[in-house]
Each structure stands twice: as C-alpha cells, then as structure tokens.
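Report on the structure
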Amino acid sequence: SAVISQKPSRDICQRGTSLTIQCQVDSQVTMMFWYRQQPGQSLTLIATANQGSEATYESGFVIDKFPISRPNLTFSTLTVSNMSPEDSSIYLCSVVWGASGELFFGEGSRLTVL
Amino acid sequence: QKEVEQNSGPLSVPEGAIASLNCTYSDRVSQSFFWYRQYSGKSPELIMSIYSNGDKEDGRFTAQLNKASQYVSLLIRDSQPSDSATYLCAATSGGSYIPTFGRGTSLIVHP
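The present account deals with the structure reproduced in this document. All values derive from a computational prediction rather than experimental measurement. (Residues numbered from 1 in each chain as written. Chains lettered and ligands numbered in written order. Predicted model: local features only at pLDDT ≥ 70, side-chain atom pairs only at ≥ 80, totals over all residues. Heavy atoms only, no water.)

1. Re the pattern of salt bridges
To keep it simple, the criterion reads: Any carboxyl oxygen of Asp or Glu within 4 Å of a side-chain nitrogen of Lys or Arg constitutes a salt bridge here. A run of H or I in DSSP becomes a helix once it reaches four residues, and a run of E becomes a strand once it reaches two; helices and strands are each numbered from the N terminus. Any residue under 20% of the maximum accessible area for its type is buried, any over 50% is exposed, and the rest in between are partly exposed; the area is computed with a 1.4 Å probe on protein chains only.
Taken as a whole and judged by the stated rule, the model has four salt bridges over all chains. Notably, a salt bridge pairs A:Lys65 with A:Asp87, separated by 2.6 Å at the nearest N-O pair. Of this pair, A:Lys65 sits in the loop between strand E6 (56-57) and strand E7 (68-72) while A:Asp87 sits in the loop between strand E8 (75-80) and strand E9 (89-97); the two residues are 22 residues apart in sequence, bridging distant segments of the chain. Measuring nitrogen to oxygen at the nearest pair gives 3.0 Å for the salt bridge that ties B:Glu45 to B:Arg37. With relative accessibility at 36%, the residue B:Glu45 sits in the partly exposed group. A relative accessible area of 12% places B:Arg37 in the buried class.

Pasting the structure below:
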C-alpha cells in the first residue's frame, strides 16, 4: 500500500485562527480524500481532493471553511478556517490504492481548538 | 441514503475466544466491503476486504458476506488483548470508490 504522511500530527489552536494540514503520499494516486472524525464518532467525508481543479465537497462542508489544494498526484492540503471548538477533531487524509479500490489512511491530524 | 449499521458495543470476549462482529447495509447494490481496525488515538487500518458471497480467511480473521441478507461479519479467532480496538465496517456501491462507514464496534478482549 501507499505510505501516507500527514502533518502536523496534532495541534492546539485558538478560536478564530486557521490551520493547514498537509498530506504527502509516496506514490502518485488518482483519488485522495479528506475525512473528519469527531470524538467517539465514525468517519465523515469532507471532500474529494481533485488534482488541478476545485475539490468536491460533501453536504455540510463548504470551500470557505475547508479550502483544499491538490497541486499534484502526491500532495494535498486541507485548511480549517476560522476555527471554533466544534472543529476539534481528527482530520484524516486517505487514498484509494490498487485495482481493488481499497482505501488507506494517513496517521491523522488531531486538532484541538480552545 | 446509504447506511451501514453496526452495534457500537462494547463487545467483550475472553482471551482465546472467537469475537464476532456484525454489520448490515442498506444499499442492495453495494459491491465491496471492508473491515478496518482503529486503535484509540490512531487512524483506521484496513484488515480485510471482501467482494463475493461467502467466507474469506486471512490468518485469524475471517470475513463473511451474505448479499441476500445484506450483512457482512468479521470473525476473529483466538482473540488477543491486542485485538482490543474499534472495528469499522465500510461498503461501496455504484462504481464509487468512496465507502460509507459504520459507526464502529468497540471490541474488548480481556485476559
């Protein structure tokens, strides 16, 4: 499987600030996604990161709040803008790898907003 | 609305026993099914995928798929305390690579 690196692994931020999470994959991948996992909850898809074009957002998520970049097939960023305590979550980068369509996750970025 | 349902647990089993984790899905055309293990504070790790009716074995893990009844299960034989984690079931359908995840079942294997 692909090796997926995320940073930061964790951060504590102040309300109203923004944080950018980076995701680096060791191989070129077509499909890359960003998920959120709130405490005690399952995974919620935020958006599909499209290489060279605007991300495709799921219902309830908007570009102004979660801008995403994907300049090439190995790298993406997710920014959490104007943070509030409700944004405290684990943010996960994931990629589809191989012909079987299996989804693999990065280590996650644990964000705490005070 | 595609749904994947799991009992949140916790499911508690003694060491050495068989742990049975179950999952049902609502979308009849779901095609691919996955089991992920997530340790506390860690990201999900893919442990099994299954695409056809029947059983698929990998070491101590067996995934079982019954499309007619729309359920998929994961059996863990000879359960170890290190198997204690949350197990997430996921399903894809309609040619999409994006799975729908269940809420996960917490498994506790006690010595």
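Picking up where we left off.
2. Notes on the nonpolar core
Stated formally: Residues belong to one nonpolar core when they are buried, are Ala, Val, Leu, Ile, Met, Phe, Trp, Tyr or Cys, and are joined through side-chain atoms within 4.5 Å.
Among the nonpolar cores identified, the biggest contains 42 residues, and A:Trp34, A:Tyr35, B:Tyr36 and B:Phe101 are the most heavily contacted of them. When residues in this core are grouped by element, the largest group, six residues, is from E9(A). Counting residues in each nonpolar core, the second largest holds 23 residues, with B:Val4, B:Ile47, B:Tyr87 and B:Leu107 among its members.

3. Here's the deal with the state of the cysteines
All names here are of chain A. To be explicit about the condition: Any two cysteine sulfur atoms within 2.5 Å of one another count as a disulfide.
Here the structure, examined in full by the defined rule, presents two disulfides over all chains. Note on cysteine connectivity: Cys23 is disulfide-linked to Cys93, with sulfurs 1.9 Å apart. The disulfide joining Cys23 to Cys93 has a torsion of about -65° about its S-S bond and is therefore left-handed. You can see Cys23 sitting in strand E3 (residues 19-25) and its partner Cys93 sitting in strand E9, a full 70 residues away along the chain. In this pair, the class of Cys23 matches that of Cys93, namely buried. Not part of a disulfide, Cys13 finds its nearest cysteine sulfur in Cys23, a span of 18 Å.

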